[in-house]
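Each chain, letter by letter, is given below.
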Amino acid sequence: MIIRAVTFLFFLGFTFVHGTTVNTKKHYIVYMGHLSHPGKESVVTANHEMLASVVGRHVVDHFSEGAQEAAVHHYHKSFRGFSAMLTPDQALKLSEKDAVASVFVSRMKKLHTTRSWQFLGLDYANQYNHLPVDAKSNVIVGVIDSGVWPESRSFYDQGLGPVPPKFNGECVTGEYFTLSNCNRKIIGARFYSQGFEAENGPLENIGKVFFRSPRDADGHGTHTSSTVAGSVVEGASLPGITGGSARGGATSARLAIYKACWFGYCSDADLLSAFDDAIHDGVDILSLSLGPDPPQPSYFEDAMSIGTFHAFQEGILVSASAGNSALPGTATNVAPWILTVAASSIDREFRTNIRLGNSTLVKGFGLNPLKMDGYYSLIGGSAAAAPGVPPTNASFCKNNTLDPTLIKGKIVVCHLETPLESRRQKSIFIRQGGGIGMILIDPQGKNVGFQYVIPTAAIGQEEAEKLQAYLAVEKNPLAKIEQTYTVLFTKPAPTMAIFSSRGPNVVTPDIIKPDITAPGLNILAAWSPVSTEGTAERSVDFNIISGTSMSCPHVAGVAAIIKSLHPSWSPAAIKSAIMTTATVLDNTGNLIGRDPNGAQTTPYDYGSGHINPMGAINAGLIYDFDSNDIIKFLCSTGATTPQLVNLTGEVVSCKHPPEPSYNFNYPSIGVSNMTGSLSVKRTVTYYGEGSAVYYSQIDQPIGVKVTVTPNKLKFSKDGEKMSFRINMTPYKTSNGSIVFGALTWTNGIQKVHSPISLNVLSV
């Protein structure tokens, strides 16, 4: 009765908020927890029977015709359930059935749209290639994204052995995708469109290029797949800009492709079907460069949280992007069983300078492969307003705001009206009016590489003032936009990307999110040559793009390396190794700053720090936990039995009183509601040769005295566990803000680092 009451309130609220009538059909997911039937046929039959009980029983050939028409997906491999087109009333009736854990509307998730591995310190020739080939090659990374371009050189399979016997997946054929497109690198490929089409209509109606197969028409999935496990490609480049070797993190790992995203969007129902297959197929790591719009939904009614929880239960580490929403509290994919990844820079910049007619150099950025032979007249957008358009409006260079007679053959100076508006479109509008180039004043996003249909450079505020001063005094201003060139070994690096979503975790604030940051700014990787919208209408085999979508597969690649070295490690152990060995310092020895001006950062920006692959493969101490520990943690945060059923598909009872939430054995330490002194418990497992002694070091949070008991951990053998307590005594409140510190265990060589975040309400 409790479950039914909660579910009924959810539907009642949804109906009023969204104005849905009882006769309007929507795409619902009916989640039923763990499998209780032996095979697909019996599951489908049972699902149809259940559907028929609410949609009607017009029987044809032993099946309810109405049920068959309503059903979209059947989940029958790793967990039980289905999705169907239902009215709210029908969905409510299904939610009242004993076999149903939860019913919720299928919503859309978004894709979170080289040199980076060298910057991370992976010298493959000397430090990685000594690993046994078989160990490296048997790790399988599943990528749920927009598909793959299999002909890319990043997916050549030279030197790889047979497909690992443990793999249960398939190479599903379709439009321009045959069995020969799978090999020993791409060992499996599937695609899912039923959910997307149930919610948006046929793919053909969208009016964009697509392939009804695992083939990628977007480019995003090809980019992420090659970043995580692409083969070594010599001479990879974005034409006219940068070249060199391109490679994935785990070059010998195998890829299983799950195409569940179309035109940048992914249906929850399709994502759950991909999770169902990937878990059954036997992948070791899942890379998910996608997520919901903020704020993060409750874990108990979120397809991503449910699917990834089942993956965690089966020993699969899930790396997921935190999102590109920039603001505090916008991080998504924040469940504690997910490794949540922020985005940061590497020590490389793409410079696109501007020469003014008086020989002044204006330093710019961007991706401009186009050559400008000489100097051209320069005009501000505000000075080229179309008739009836205010100069301020014209300065934003939007459609029909510029006078073609004034901009023809000239370089136009444009401003941004809002940070989120399309920069590329401005160049298209200028080209339509006969303009020959664009200078975009973009102080916030100047370091993010965009491509334009005409020569373009982005500049910051200081350079903009130099440009405006020239325009103010020169009667016939001239300028020349130079081709982009690459600068390596830049400092400071890394810096947090301006777009990277930030904490705190709005669902369970005791868990610091994001967990980690990794390269996600201007990353070169393989691309789909038919995807030209983001490449300024140029067909390319490799592309440079930015986003937490790019940082996520970097972390998945490191996880694959760790899995190859420690095949018995749990997802939590791999996660711990990655988090506790990260660095919070840039290459100048200072705390990592935030673009564009080096603003101060906290663990809510970078989590435990910037990923350090070579440290992660030999972490020393591990904070481990399993799904039972997760359930205890959720109980401590007030989760109800119906909510836990929604997540796990099983009836779970919480003990009373529950264990304090801050005692969950997470690699970071958070207390979001501190009222006086408390003691936090943690347990570590030692992985190393022989005995070892670790000593504690504390970076004290402001207003809180922190000690560790014991302050020395003495291990005698590999696999030994020891527990300790972090004692916290506040002596002043934090006045509504968060104070940060850190605990580090060190044996003189290795450092095992955990950030601390505290919200001190009273002393």
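Structure first, text after, so check above.
Everything numeric here is computed off the predicted structure, so don't read it as measured data. (Residues numbered from 1 in each chain as written. Predicted model: local features only at pLDDT ≥ 70, side-chain atom pairs only at ≥ 80, totals over all residues. Heavy atoms only, no water.)

Draft legend 1. Geometry of the environment of Lys446. Structurally, Lys446 can be placed in the loop between β24 (437-441) and β25 (456-459). A relative accessible area of 15% places Lys446 in the buried class. Between the C-alpha atom of Lys446 and that of Ala458, which follows or precedes it by 12 residues, the distance is 5.3 Å. Ignoring sequence-local partners within four residues, the contact set of Lys446 consists of Phe365, Gly366, Ala458, Ile459 and Gly460. Side chain to side chain, Lys446 and Asn447 meet in a polar contact 3.5 Å long. (Helix = DSSP H or I, 4+ residues; strand = E, 2+ residues; numbered from the N terminus. Buried < 20%, exposed > 50% of the residue type's maximum accessible area, 1.4 Å probe, protein only. Contact = heavy atoms within 4.5 Å. Polar contact = N/O pair within 3.5 Å; in protein donor to acceptor, adjacent residues only side chain to side chain.)

Draft legend 2. Structural view of the packing of helix α2 (residues 40-55) against helix α4 (residues 88-95). Contact geometry for α2 and α4: axes closest at 9 Å, N-to-C directions at 130°. With respect to α4, the element α2 is oriented oblique. Every pair of crossing elements has a handedness; the one defined by α2 and α4 is right-handed. Every residue of α4 that contacts α2 at Met50, Leu51, Val54 and Val55 is listed here: Gln90, Lys93 and Leu94. Here the residues of the contact of α2 with α4 are counted per class, giving 5 nonpolar, 1 polar and 1 charged. (Axes fitted to C-alpha atoms, helices over the stretch in contact; angles between N-to-C directions. Parallel < 35°, antiparallel > 145°, perpendicular 65-115°, else oblique. Left-handed = near helix turned anticlockwise from the far one by under 90°. Nonpolar A, V, L, I, M, F, W, Y, C, P; charged D, E, K, R; others polar.)

Draft legend 3. Up close: the packing of helix α16 (residues 548-565) against helix α17 (residues 571-580). Orientation of α16 relative to α17, taken along the N-to-C sense of each, is 120°, at an axis distance of 10 Å. Crossing hand, α16 versus α17: right-handed. Taken together, the residues of α17 that come into contact with α16 (itself represented by Val555, Val558, Ala559, Ile562 and Lys563) are Ile574, Ala577 and Ile578. Its residues placed into classes, the contact of α16 with α17 shows 7 nonpolar, no polar and 1 charged.

Draft legend 4. Main features of the nonpolar core. If you look at the biggest cluster of nonpolar residues, it comprises 100 residues, and the most contacted ones within it are Ile144, Tyr258, Leu286, Trp337, Ile578, Leu634 and Leu644. Dropping the residues within four chain positions of it, Ile578 is found in contact with Leu339, Ile516, Val555, Val558, Ala559, Ile562, Ile611 and Ala616. Val671, Ala692, Val708 and Leu743 belong to the second largest nonpolar core, which has 27 residues in total. (Core = buried A, V, L, I, M, F, W, Y, C linked by side-chain atoms within 4.5 Å.)

Draft legend 5. The arrangement of the packing of aromatic side chains in detail. Evaluated as defined, the whole model comprises 20 aromatic pairs. Ring centres of Tyr31 and Phe79 lie 6.4 Å apart, and the angle between their planes is 70°; on these two criteria the pair is classed as edge-to-face. Of this pair, Tyr31 sits in strand β1 (residues 26-31) while Phe79 sits in the loop between β4 (71-75) and β5 (81-86), and the two are 48 residues apart along the sequence. With relative accessibility at 0%, the residue Phe79 sits in the buried group. Through pairs of rings, three or more aromatic residues link up here, namely Phe312, Phe625, Phe633, Phe664 and Tyr666. (Phe/Tyr/Trp six-rings, centres within 6.5 Å; stacked < 30°, edge-to-face > 60°.)

So, to be careful, I would describe these as geometric facts and stop short of saying anything about function.
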